[in-house]
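The residues making up each chain are set out below.
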Amino acid sequence: MPARDIPIIPAELLPPYTISEPERQVAPFVFCSPHSGRIYPQSFIAQSRLTPLCLRKSEDCFVDELIAPVAELGVPLISARFPRAFLDVNREPYEFDPEIFDEPLPDYANTQSVRVAGGLGTIARIVADGEEIYRHKISLADALARVQQLYIPFHAALCELVETTRQQFGYAILIDCHSMPSSSMASFGGPRPDIVLGDRFGASADNKISRFLRDTLTNLGYKVHMNRPYAGGYITEHYGRPARNVHAVQIEINRGLYIDERTLRLKKSFATLQRDLQTLAVPLLNELPAMLEYRAAAE
């Protein structure tokens, strides 16, 4: 489709991300919050059959604020400004659901992924609690505009942060930060843990990184699971290449720890969790790199 035929993204969504960068990066880490964007354009709300509050049920509410103090310790943080219900950058660029479009999709669209089948493709059909987003079908041009003007710039910026870090330190560790609803894990029995770490079952990161995160969080009093029910999405899978000296770990934080999930208002415990994550970051940034470098020297 010619560029002139692509609609213009609402101005309030541009630029599509924010980057908090230190004057001097002190450790080989990049933090990412791809689902905490909370700018909902009126044009999108008009397309939707849901209220703005319902649309926010897919949002990783305030995760960018939770981890902002970590960035202040000397590592970069990139955060999406657009909401996940509008565009999901933790997917392939063209995981498109045929059910929401008013025209046939191009051959390059991935219409058969598990995520598309669940209604949560690059352009989601539903919000996290299963409600349909759109009043009517949308145009392919609308979807392509979101990909070209938001998705591609976001990933270009994230890729540059990771590569710059790898070149500076010899390797990079991407921490992809998310939140999850506190609802019961029926297939696993009982409530969800406080935190789930995902490293694609060891494929996206050196297991020393995942174990360090798990042990440190457990010592802080949190119940931590590894890879179940979340092993890591597209970002973890796409960027995590240990053989190329890039590691990626996904962190899912139970929303019940810090917000009222009905109203999405912050709890008083938000400050405690934020402080604990900063406490986690201090040894993560200072001790873990030395452990990895010692291992590499020994091999």
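Notes on the structure in this doc start here. (Residues numbered from 1 in each chain as written. Predicted model: local features only at pLDDT ≥ 70, side-chain atom pairs only at ≥ 80, totals over all residues. Heavy atoms only, no water.)

### Focus on the nonpolar core
Now for step 1: Counting 48 residues, the largest nonpolar core has Leu 55, Leu 87, Phe 96, Ile 133 and Leu 158 as the members making the most contacts within it.
Now for step 2: Elements that contribute at least two residues to this core include exactly strand S2 (29-33), helix H1 (42-47), helix H2 (52-55), strand S3 (77-80), helix H5 (140-169), strand S4 (172-180), helix H7 (234-239) and strand S7 (246-254).
Now for step 3: Membership of the second largest hydrophobic core comes to 40 residues, among which are Phe 62, Val 224, Leu 264 and Ala 281. (Core = buried A, V, L, I, M, F, W, Y, C linked by side-chain atoms within 4.5 Å. Buried < 20%, exposed > 50% of the residue type's maximum accessible area, 1.4 Å probe, protein only. Helix = DSSP H or I, 4+ residues; strand = E, 2+ residues; numbered from the N terminus.)

### Digging into helix H8 (residues 269-286)
Now for step 1: Here H8 is 18 residues long and its end C-alpha atoms lie 26 Å apart, about the 26 Å a rise of 1.5 Å per residue gives.
Now for step 2: For H8, the full list of buried residues reads Phe 270, Leu 273, Asp 276, Leu 277, Leu 280, Ala 281, Pro 283, Leu 284 and Leu 285. (Expected span 1.5 Å × (residues − 1).)

### Here we look at the environment of Glu 95
Now for step 1: Looking at the secondary structure, you find Glu 95 in the loop between S3 and helix H4 (114-117).
Now for step 2: Put simply, Glu 95 and Ala 117 are 22 residues apart on the chain and 10.0 Å apart in space, counted from C-alpha to C-alpha.
Now for step 3: Discounting residues that sit within four places of it in the chain, Glu 95 has contacts with Asn 110, Ser 113, Arg 115, Val 116, Gly 121, Thr 122 and Ile 123.
Now for step 4: A distance of 2.8 Å separates the side chain of Glu 95 from the backbone nitrogen of Glu 92, its partner in a polar contact.
Now for step 5: At 2.5 Å, the side chain of Glu 95 and the side chain of Ser 113 are in polar contact. (Contact = heavy atoms within 4.5 Å. Polar contact = N/O pair within 3.5 Å; in protein donor to acceptor, adjacent residues only side chain to side chain.)

### Comments concerning unusual backbone geometry
Now for step 1: The linkage connecting Leu 14 with the following residue, Pro 15, adopts the cis geometry, with an omega of 0°.
Now for step 2: When you line up the elements, Pro 15 lands in the segment before strand S1 (17-20).
Now for step 3: With an omega dihedral of 10°, the bond running from Arg 228 to Pro 229 counts as a cis peptide bond.
Now for step 4: Position of Pro 229 relative to the elements: it lies in the loop between strand S6 (224-226) and H7.
Now for step 5: Phi is positive for Phe 201, close to 55°, though the residue is something other than glycine.

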